Amino acid sequence: MRNAPDYALYERIYQVVEQVPYGNVATYGDIAAIVGGACDARTVGYALNEIPSEREGSVRWQRVINREGGISTRGLRQRQLLESEGVLFDARDHVIMTRFRWAGPDQAWAAEHGVNTLLPRDEGDQAEQLSMF
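What comes next is a walk through the structure. The structure displayed is predicted, hence computed values, not measured ones.

A closer look at unusual backbone geometry
1) Next: The phi torsion at Asp93 lies on the positive side, around 65°, for a residue other than glycine.
2) Next: Topologically, Asp93 is positioned in the loop between helix H4 (77-84) and helix H5 (97-100).

Here's the deal with the environment of Asp30
1) Next: By the element assignment, Asp30 lies in helix H2 (residues 28-35).
2) Next: Taking the C-alpha atoms as reference points, Asp30 and Leu118, separated by 88 residues in sequence, lie 7.3 Å from one another.
3) Next: Excluding residues within four positions of it along the chain, Asp30 makes contact with Arg101, Leu118 and Arg121.

A short note on H4
Given 3.6 residues per turn, any residue in an α-helix points the same way as the ones three and four places further on.
1) Next: Within H4, the full set of buried residues consists of Gln78, Leu81 and Leu82. Projected down its long axis, H4 shows its buried positions confined to an angular sector of 95°, all on one face.
2) Next: Those residues of H4 that are buried lie in contact with strand S2 (64-65).
3) Next: Of the residues flanking the end of H4, it is Gly86, one or two places downstream, whose phi is positive at about 90°.

Description of the side chain of His94
1) Next: When you line up the elements, His94 lands in the loop between H4 and H5.
2) Next: When residues no more than four places from it in sequence are discounted, the contact partners of His94 are Glu68, Gly69, Gly70, Leu88 and Phe89.

Points about the nonpolar core
1) Next: By size, the foremost hydrophobic cluster in this structure holds 25 residues, and its most contacted members are Ile13, Val16, Ile31, Val44 and Leu48.
2) Next: A total of 6 residues in this core trace back to one element, the largest contributor, which is helix H1 (residues 7-17).
3) Next: In this structure, Leu48 is in contact with Tyr14, Val17, Tyr28, Val59, Trp61 and Val64, ignoring residues within four places of it in sequence.
4) Next: Counting 9 residues, the second-largest nonpolar core is a separate cluster that includes Leu82, Val87, Ile96 and Phe100.

Side note on the environment of Gly29
1) Next: With respect to the secondary-structure elements, Gly29 resides in helix H2.
2) Next: A relative accessible area of 35% places Gly29 in the partly exposed class.
3) Next: When the C-alpha positions of Gly29 and Ala41 are compared, they lie 4.7 Å apart, and in sequence the two are 12 residues distant.

Conventions adopted
- Residue numbering note: each chain is counted from 1, following its sequence as written.
- Only residues with pLDDT of 70 or above have their local features reported here, since the model is predicted, and side-chain atom pairs are shown and tallied only from 80 upward, although totals for entire chains, interfaces and linings are computed over all residues.
- Hydrogens are left out, water is left out, and the side-chain values use all remaining heavy atoms of the structure.
- Helix and strand definitions follow DSSP, with helices as H or I runs of at least four residues and strands as E runs of at least two, each counted in order from the N terminus.
- Whether two residues are in contact is decided by their heavy atoms, any of which lying within 4.5 Å being enough.
- The classification of residues rests on relative accessible area computed with a 1.4 Å probe and restricted to protein chains. Under 20% of the type maximum is buried, over 50% is exposed, and intermediate values are partly exposed.
- It is the directions from the helix axis to the C-beta atoms that the arc portrays.
- For this analysis, a nonpolar core means a set of buried residues of the types Ala, Val, Leu, Ile, Met, Phe, Trp, Tyr and Cys, connected via side-chain atoms within 4.5 Å.

Structure below.
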């Protein structure tokens, strides 16, 4: 059973998601790592499922995907929104993460907002995905 929503935490999640640039994606885990504290990938998913109506225009939920580059929502809407931003999918219907994954906020923004930056990614993971094409 899920605990009651922590709306202060949700607001921090929304602030981070708002930083994901047009044409980029982040994973639920990326957002959780940036927010830090008690935040985990599942909490990010819950928060994105409960975006307040007044935040719908600024919190671009479609830019948050699963760690494998797949879409976790039902239907075609998320993919259509991402494709309209120029995000490409591979033959497995996964976002090409090596090209479109956001590196996270810069240090100045992170410090100003009390969140983390992301660690550099392992180039081996990227080379593996590239070799599939």
